[in-house]
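# Remarks on the overall topology
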Amino acid sequence: MAEGLIVQLQAARPFALSAALAVPPGQTLALVGPSGAGKSSLLSAIAGLVPAVGHVQVDGAVWQDGAAGLPAWQRRVGLVLQGGGLFPHLDALANVMIAQAAPDAAAALALLDAVQLGRDAARRRPAQLSGGEQMRVALARALARDPAVLLLDEPFAAVDRPVRRALIALVARLRAVSAAPMIIVTHDLDEAAGLADLCAFMAGGHVVETGPAAAVMADPGSQLNRWLAG
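Residues numbered from 1 in each chain as written. Predicted model: local features only at pLDDT ≥ 70, side-chain atom pairs only at ≥ 80, totals over all residues. Heavy atoms only, no water.

### Considering the overall build of the protein chain
- Secondary structure summary: the protein chain contains eight helices and 11 strands in total.
- The C-alpha atoms of the protein chain give 17 Å as radius of gyration, which agrees with the globular expectation for 230 residues (17 Å, within 12%).
- With the principal axes as the frame, the protein chain shows a C-alpha extent of 50 × 40 × 30 Å.
- Taken across its 230 residues, the protein chain has 49% of its residues classed as buried.
- Contacts in the protein chain between residues far apart in sequence, at least 24 positions, make up 66% of those at least 6 positions apart.
- Element-wise, carbon and sulfur atoms account for 56% of the exposed surface of the protein chain, whose accessible area totals about 10,300 Å².
- Put simply, the protein chain has 17 plus and 18 minus side-chain charges, and the middle of one group is 5 Å from the middle of the other. (Helix = DSSP H or I, 4+ residues; strand = E, 2+ residues; numbered from the N terminus. Rg over C-alpha atoms; globule rule 2.2 N^0.38 Å. Buried < 20%, exposed > 50% of the residue type's maximum accessible area, 1.4 Å probe, protein only. Contact = heavy atoms within 4.5 Å. Areas by Shrake-Rupley, 256 points an atom, 1.4 Å probe, with all protein chains shown as cover. Lys, Arg positive; Asp, Glu negative; His and termini not counted. Charge placed at Lys NZ, Arg CZ, Asp CG, Glu CD.)

Below you can see the structure in the form of structure tokens.
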């Protein structure tokens, strides 16, 4: 039985998308490329949020086969959107509990503790939290689904650099105790280098290069580095 995440997908909307990826258990793939390359669309297709054709398999369980696939609510995906994507009318605790299969306030509070968010913040709504605190709640909510796969879409883009460094360190610690394969979309190569085992470069809706993160980022001839050089 194949373990980890295996993706071979095509989608026609919002534009042509083609990707083949494999992320072993416990490893992280950084998905990089120019704006509009289709990175967020690919995460949405894996999560079942947009129509796609192809194959998605997680630890041997098939989520997508051809045009048929599990609906998004049946896919055990921990998804963190740009800006966190929290429900503004719910406090931090309720935002985490809404992702649980069965509401469990004690377990939700434990997750907020795990992302180093104080108990006093649990009853605050997103507008009462800083950008870094909102992202911590979003991470706790993603973990509340007991995810088989973690998908992070530029999770640190809206916070300043000191907060970003702290959040990257937090995610690295969480990764150390999770076997779920993870894909993180980022424009920051320092961020990618700090978290990723693998790197994939995406352009024009296509994944055009994949490999070990250190090798791809260090190779002057890689398509990633040619893009960085303009």
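### Regarding the nonpolar core
- In this structure, Val96, Leu112, Val137 and Phe156 are the most contacted members of the largest nonpolar core, which totals 44 residues.
- Excluding residues that lie within four positions of it along the chain, Val96 makes contacts with Ala108, Leu111, Leu112, Val137, Ala140, Arg141 and Ala144.
- One finds Ala19, Leu21, Leu29 and Ala47 within the second-largest nonpolar core, a separate group that totals 30 residues. (Core = buried A, V, L, I, M, F, W, Y, C linked by side-chain atoms within 4.5 Å.)

### Section: the environment of Leu151
- Of note, Leu151 is situated in strand β8 (residues 149-153).
- Taking the C-alpha atoms as reference, Leu151 lies 28 Å from Pro220; in sequence the two are 69 residues apart.

### Quick look at the pattern of salt bridges
- Under the counting rule described, the total for this entry stands at seven salt bridges.
- With a shortest N-O distance of 3.1 Å, Asp188 and Arg164 are connected by a salt bridge. Pair noted here: Asp188 is in the loop between β9 (182-185) and α6 (189-195) and Arg164 is in helix α5 (residues 161-175), with a separation of 24 residues, a long-range link.
- Judged by its relative accessible area of 14%, Asp188 is buried.
- A single network of salt bridges, built from pairs that share partners, joins Asp120, Arg124 and Glu133. (Salt bridge = Lys/Arg side-chain N within 4 Å of Asp/Glu carboxyl O.)

Spatial relationships are all this shows, so hold off on functional conclusions.
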